[in-house]
Number of protein chains: 2
Amino acid sequence: MIGIFDSGVGGMTVARAIEQLCPDYPLIYFGDIARTPYGSKSPETIQRYAVNNTKFLVDQGAELIVIACNSAASTALPTLNDQFDLPILDVITPAVQQAVQVTKNGKIGIIGTRATIKSTIYEQGITARRPGSKVFSQPCPLLVPLVEEGWLGKRETKMILRRYLYPLRRRQIDTLVLGCTHYPLLKQLIAPRIGRRVQLIDSSIAVAHTLRTFLAGHADPAEKLYQPQAKSRFFVSDLTETAGQLAAHIFGRPITLEKVNV
Amino acid sequence: MIGIFDSGVGGMTVARAIEQLCPDYPLIYFGDIARTPYGSKSPETIQRYAVNNTKFLVDQGAELIVIACNSAASTALPTLNDQFDLPILDVITPAVQQAVQVTKNGKIGIIGTRATIKSTIYEQGITARRPGSKVFSQPCPLLVPLVEEGWLGKRETKMILRRYLYPLRRRQIDTLVLGCTHYPLLKQLIAPRIGRRVQLIDSSIAVAHTLRTFLAGHADPAEKLYQPQAKSRFFVSDLTETAGQLAAHIFGRPITLEKVNV
């Protein structure tokens, strides 16, 4: 099984993209709702949680890990690679690769949680692959609570987005990385406010493409992971009403969430 | 020492009120920043965290506990009373008492997190003490993130407050309980939007008054807790930048936060 974890339900945008691009590779999802959100916590705490989550997935039979949470990927990837001996894909590298491919003027914007932006991981990845690029970063800590409240069409959400995006717009970026798995749910609101000519990079879709390429190129573990009969399972560390609603909204169908104590 | 816990930094409004009303009774504060917020989590998870936090405070020498977090008080007080043999004050009962004293028309509004509002604990307390009262409740899940971002004067915060308060205003309440320890920081914005004639009940101040009365009436444990030479200590389960800033804002001076793993 492919193991995938996130700080909560937002990472289900990644799970959904994988389901669509790699339909015969079932998932074990873990959403750490009891300790959500990660994005405003310290790197040390996020690393501790990421190790816990990966252990849980490995115990459940995961043979490949996808870190669906940008905050965890930006702070805990080296720690996980040190401690676990299995392939680990993260949600950041694919988005970085796509951003440097599509930009024309080399001005790339990044939006994300405080933890992700503070790690400067997108900046490092982009300037390493395309020296001379200019990367402009904007932490957007209120977007996750707004999405989790389901305030997707509310006027306040639009105003807050405009406030967050204004500095990036002024810099005339031509590419914007949605550096948090909740943000694809705001794509329709972000596009007109950042400017229609700016390309949006959806990290959920980017990582699903990378996974498909990886599986095509690696018979081991791809053959073990290919289980067209098996069903994906979704575990959470806390069961809340809004979690079930958001999961159903992302998948377009009801999703059974199984509660576990980790 | 008086032990006091909260899901994060908001409960420091309680600690500050106690410091002002009971200055010779030092505190051990614990803010569970690594797992904040509690208000959107399930009762079961909140109870588990409340037991952990109380154990930590008892291990540090606490002989009386103040639950400064409304979400924890509304869901975990019976559990804590079962498991610990020491006096436990909560932030809800004093606010309920004050609300029924000051209301004239018996129409009382409550604002709080989802967990607090869903517990209906304020409603139960008020109607038990003043039968015939009408209680109107409004969950305000976005206020905690807005306060934690320091968006105290921003236009979006005012709009969101207006949206949350409008249904209560329509009901012509004459008393509004600020049922979350973060909300006193928004008092100046709430007052004009709910209407100047509505009395605001600040649960932080109410619980500090109750504590002072309790200490005056109970030589045991008051004599043990009276330690004019000792200093208060502030522990947190995660250290973040915004936590230190918010603590300093609440106390009006720098506060040393000590990180512990619980």
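Residues numbered from 1 in each chain as written. Chains lettered and ligands numbered in written order. Predicted model: local features only at pLDDT ≥ 70, side-chain atom pairs only at ≥ 80, totals over all residues. Heavy atoms only, no water.

So, the relation of the copies chain A and chain B
With an RMSD of 0.0 Å, chain A superimposes on chain B once it is rotated by 180° and translated 0.0 Å along the axis. Viewed as a symmetry operation, the transformation between the two copies matches a two-fold axis. Among all residues of chain A, the minimum C-alpha distance to the rotation axis is found for Arg35 of chain A, at 2.3 Å. Interface overlap between copies: 100% of the residues of chain A at the interface are likewise at the interface in chain B, consistent with a symmetric, same-surface contact. (Least-squares fit on C-alpha atoms with pLDDT ≥ 70 in both. Contact = heavy atoms within 4.5 Å.)

As for the interface of chain A and chain B
Accessible area lost during the coming together of the parts is what is often quoted as the interface size. Counting residues at the interface gives 35 residues for chain A and 35 residues for chain B. Taken together, the two surfaces of chain A and chain B that pack against each other cover about 2,800 Å², and 51% of this comes from carbon and sulfur. Its largest share of buried area at the contact with chain B, chain A owes to Leu142, Glu156 and Arg163 of chain A, together 19% of the area lost on that side. In this structure, the connection of chain A to chain B is made through eight salt bridges. Across the contact surface, chain A and chain B share 19 residue pairs in polar contact (both at pLDDT 80 or more). Residue assignment for the side of chain A that touches chain B shows that the elements contributing at least two residues are helix H2 (43–59), helix H5 (114–119), helix H7 (143–148), helix H8 (155–170) and helix H12 (241–251) of chain A. Considering every element that reaches the side of chain A that touches chain B, the biggest residue donor is H8 of chain A, with six residues. The class makeup of the residues in the side of chain A that touches chain B is 13 nonpolar, eight polar and 14 charged. (Buried area = accessible area lost by both parts, 1.4 Å probe. Salt bridge = Lys/Arg side-chain N within 4 Å of Asp/Glu carboxyl O. Polar contact = N/O pair within 3.5 Å; in protein donor to acceptor, adjacent residues only side chain to side chain. Helix = DSSP H or I, 4+ residues; strand = E, 2+ residues; numbered from the N terminus. Nonpolar A, V, L, I, M, F, W, Y, C, P; charged D, E, K, R; others polar.)

A few points about the sheet that holds strand E7 (residues 175–178) of chain A
Residue and element names in this part refer to chain A. Spatial ordering of the open sheet is given by E6-E5-E7-E8, a layout of four strands whose pairing is parallel. Edge positions in the sheet fall to strand E6 (134–139) and strand E8 (199–202), since each has one partner strand and no second. Taken pair by pair, the neighbouring strands of this sheet meet at an average axis angle of 20°, ignoring direction. Packed onto the sheet, helix H6 (residues 121–129) meets strand E5 (107–112), E6 and E7 and runs at close to 165° relative to E6. (Pairing = 2+ DSSP bridges. Axes fitted to C-alpha atoms, helices over the stretch in contact; angles between N-to-C directions.)

Comments concerning the environment of Tyr164 of chain A
Secondary-structure assignment places Tyr164 of chain A in helix H8. A relative accessible area of 5% means that Tyr164 of chain A is categorised as buried. With 104 residues separating them along the chain, Tyr164 of chain A and Gln60 of chain A place their C-alpha atoms 40 Å apart. Beyond its immediate sequence surroundings of up to four residues, Tyr164 of chain A is in contact with Gln138, Pro139, Cys140, Pro141, Leu142 and Leu143 of chain A together with Trp151 of chain B. (Buried < 20%, exposed > 50% of the residue type's maximum accessible area, 1.4 Å probe, protein only.)

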